[in-house]
Each structure stands twice: as C-alpha cells, then as structure tokens.
Amino acid sequence: MNSSPFAENMRSIRARIDQAARCAGRVPEDVALMAVSKAQSMEAIRAALDTGQRLFGENRVQEAQEHWTALRASGLYPDLRLHLIGPLQTNKVAAALALFDVVETLDRPDLAQALAAAREKTGRSVPCFIQVNTGEEPQKHGIAPGDLPVFVEACRSRYRLEIVGLMAVPPIDEPPALHFALLAHLARQNGLQGLSMGMSGDFERAITLGATVVRVGSVLFGSRT
Ligand SMILES: *Cc1c(COP(=O)(O)O)cnc(C)c1O
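Residues numbered from 1 in each chain as written. Predicted model: local features only at pLDDT ≥ 70, side-chain atom pairs only at ≥ 80, totals over all residues. Heavy atoms only, no water.

S.K.: Requested: an account of the nonpolar core, with residues and values cited.
M.R.: Phe56, Trp68, Leu106, Ile130, Leu166, Ile207 and Val214 are the most contacted members of the largest nonpolar core, which totals 66 residues. Ranked by size, the runner-up nonpolar core spans eight residues in total, among them Met34, Val36, Leu55 and Phe129. (Core = buried A, V, L, I, M, F, W, Y, C linked by side-chain atoms within 4.5 Å. Buried < 20%, exposed > 50% of the residue type's maximum accessible area, 1.4 Å probe, protein only.)

Set out below in structure tokens:
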C-alpha cells in the first residue's frame, strides 16, 4: 500500500466519506471524491495519481491544460476524469471540450448554445451539471433557483445537452446545509440524479444531504500555492 503522507491523508478523507455515507443510510460507492487540483504543483498531482485517484476538478481552462494535457497524452491514465468546476466563457468552449470529461458549471443560455454549437461542429459533447446560485448572490455564478426548471427544459429539448445533475457553491457566511437541501430538492424536482456539493469544510454534511460527488481541495492537498 502507498504510504506517502498524501496517501495517508487520502485514505482518511475517503474513510470520512464512507462513514458519512453509511450514517446517512447510503452506499459509500455512490459518493465520488473529486480531488480539486487548482493551484497545486505537478508534484502534488502526481502524488494523487500515485494513490490511484483518477477524478480531478479544475477551475480554469488554461491552468487545467497546463496540469493535464501532457499527462493525458501520455496514455498512462486512461481512466482519468476531469471536471470543469469554474466559470466557462463561450470563447473557451472548444478548448474546454477538448480536455474535460464533464462541465459542472453550465449556468446560462448562451453557454448552452455555445456547447450545442460546438457539438454540431466537432461532434464532441460532454455531460453537464447545471450550476445553481442557491444563495442568489449577485457576484456569484449560477442560475437562480426560480429560473432552473425553464433552463433545464431548454438544455434538454432546445440544445439537446446531456444534463446529469446540479452543482452549487453555498455562500460562505451561511450554514451550507440549507443550500445543500435546496439543491437536492431542485434536483428531485427536475428529475436529476447527480449532486455536486460539499468542499473541504462541509463535505460530510453534503453527503448526509445527498451529494453524489464532493469537491475536495485543501484538506486533501494542503493549502494552495
Ligand atoms: C476550490 C474549489 C473547491 C475546493 O475547495 P476546498 O475548500 O479547497 O476543498 C471546490 N469547488 C469549487 C467550485 C472550487 O472552486
């Protein structure tokens, strides 16, 4: 067994995830651990890969290219899965589709349109989560909860995108549980299974409330450089 400090830490986070899932009467395998590798060194990323971790999240397209293009081209990690968890500009859609397996931050019609147009042009499309601004914070990305049903419907029938779930980043100054519960409710209402919610400080709470993927950065890697 890999006994690097990273591997130890990884096992302890995974154990906390499994415990939270069991306490909620859920199956641990139904909760995926995403390692958020933004602002991490290549050394840290390799340490994570060495433990067998294969699901990673990145916030920015350019940084993700720097981290992952060569590793992906190496063919050493055929089961690598990269999720985009930061805002996507329409002029970066082609680059994002070339690298990411899942876009978690679909949050507006012009982006849905750009993803559909890129599919027509290149034949490539990826499953998407819709990002919801559960706190309705003006500075934050995400569709307002009230606008979600119409947007989901447009993504499905008008843009023919594969929508697999909802994603949210709760306001930092409010109890996250309210936001996790709201996101879970919205997912049920819209017939969606995936729930990307929970970060270093609150992933156990998110699992209790139904998270299917938790996005963990700092408690896994240490603080960002
Ligand atoms: C940075 C980031 C994370 C990870 O945050 P930590 O608190 O370091 O675990 C998760 N989700 C998103 C959208 C992020 O930007």
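Picking up where we left off.
S.K.: Account for the packing of aromatic side chains, with residues named and values stated.
M.R.: Applying the stated criterion to the full structure yields two aromatic pairs. Consider the rings of phenylalanine 6 and phenylalanine 221, whose centres lie 5.4 Å apart with planes at 40°: the pair is tilted. Of this pair, phenylalanine 6 sits in helix H1 (residues 5-23) while phenylalanine 221 is found in helix H9 (residues 218-221), placing the two residues 215 residues apart along the sequence. Given a relative accessible area of 11%, phenylalanine 6 falls into the buried group. (Phe/Tyr/Trp six-rings, centres within 6.5 Å; stacked < 30°, edge-to-face > 60°. Helix = DSSP H or I, 4+ residues; strand = E, 2+ residues; numbered from the N terminus.)

S.K.: So what's going on with H1? Which residues, and what values?
M.R.: Over its 19 residues, H1 extends 27 Å from the first C-alpha to the last, a length consistent with the 27 Å expected when each residue adds 1.5 Å. Residues of H1 that are buried include every one of Phe6, Ala7, Met10, Ile13, Ile17, Asp18, Ala20 and Ala21, and no others. Take H1 and look down its axis: the buried residues cluster within an arc of 160°, on one side only. More than 90 degrees from the buried face of H1, the exposed residues found are Pro5, Arg22 and Cys23. On its buried side, H1 packs onto strand S1 (32-36), helix H2 (42-50), helix H8 (203-208), strand S8 (213-216) and H9. Taken from the residues just after H1, glycine 25 is the one with a positive phi, measuring 70°. (Expected span 1.5 Å × (residues − 1). Arc of directions from axis to C-beta. Contact = heavy atoms within 4.5 Å.)

S.K.: Outline the environment of threonine 212, listing residues and values.
M.R.: Following the sequence through the fold, threonine 212 ends up in the loop between H8 and S8. Since its relative accessible area comes to 23%, threonine 212 is described here as partly exposed. As for threonine 212 and methionine 10, which are separated by 202 residues in sequence, their C-alpha atoms are 18 Å apart. Not counting the four nearest positions on each side in its chain, threonine 212 is found in contact with Arg26, Asp30, Val31, Ala32, Gln193, Gly194 and Leu195.

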